[in-house]
Amino acid sequence: MEIINGLYSEPVKVYVKNDTDGNITAINSEIFIDDFTGWIKIDSGHGDKFAHAQNHYLEKSLLNKNGEYNYKLIDGRPVMKQ
């Protein structure tokens, strides 16, 4: 993937992994994934939100202070649990 003016020339794809209950257990951009087995594409775009999805894509971290997952994958989108 080529970088032009500090941005990737193509939109960067964001992927998640989820467990059998639909909880999102991992999130990353295609830049950092070597093996796409088990990963599900949820979005693509430009900027740190997409290129560095682990720290910038979701509003909260994957786990809360009690070690419970904060997000579920619903209809292909991450949804924060209430």
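What you see is a predicted model; the values in this text were computed from it and never measured.

Novice: Give me the pairing of strand β6 (residues 71–74): which residues, what numbers.
Specialist: In β6, alternate side chains face the same way, and those of Tyr71 and Leu73 are buried while those of Lys72 and Ile74 on the opposite face are not. Sheet analysis places β6 next to strand β7 (residues 77–80), joined by four bridges and oriented antiparallel. Looking at the pairing, leucine 73 lines up with proline 78 of β7. The hairpin turn running from β6 into β7, its antiparallel successor, is two residues long, and aspartate 75 in that turn takes a positive phi close to 50 degrees.

Novice: Could you give an account of the confidence of the model for the chain, naming the residues involved and the relevant values?
Specialist: Predicted confidence across the chain gives a mean pLDDT of 93, with 90% of residues reaching 70 or more. Confidence, expressed as mean pLDDT per element, reaches its minimum in the chain at strand β2 (residues 7–8) with 63 and its maximum at strand β4 (residues 24–29) with 98.

Novice: Which residues make up the packing of aromatic side chains, and what are the values?
Specialist: All chains considered together, the criterion is met by two aromatic pairs. Taking the ring centre of tyrosine 57 as reference, the NZ or CZ of lysine 49 above it sits at 5.0 Å.

Novice: Would you mind going over the side chain of glutamate 30 in detail, with residue names and values included?
Specialist: By secondary structure assignment, the location of glutamate 30 is in the loop between β4 and β5 (40–45). Here the side chain of glutamate 30 touches lysine 13 through a polar contact of 2.9 Å, landing on its backbone nitrogen.

Novice: How would you sum up the environment of glutamine 54? Please name residues and give values.
Specialist: Locating glutamine 54 in the fold gives a position in helix α2 (residues 53–56). Counting along the chain gives 26 residues from glutamine 54 to asparagine 28, while the straight-line C-alpha distance between them is 5.2 Å. Among all residues touching glutamine 54, those that are not within four sequence positions of it are Ile27 and Asn28.

Cut-offs applied
- Residues numbered from 1 in each chain as written.
- Predicted model: local features only at pLDDT ≥ 70, side-chain atom pairs only at ≥ 80, totals over all residues.
- Heavy atoms only, no water.
- Buried < 20%, exposed > 50% of the residue type's maximum accessible area, 1.4 Å probe, protein only.
- Helix = DSSP H or I, 4+ residues; strand = E, 2+ residues; numbered from the N terminus.
- Pairing = 2+ DSSP bridges.
- pLDDT = per-residue confidence, 0-100.
- Phe/Tyr/Trp six-rings, centres within 6.5 Å; stacked < 30°, edge-to-face > 60°.
- Lys NZ or Arg CZ within 6 Å of the ring centre and 35° of its normal.
- Polar contact = N/O pair within 3.5 Å; in protein donor to acceptor, adjacent residues only side chain to side chain.
- Contact = heavy atoms within 4.5 Å.

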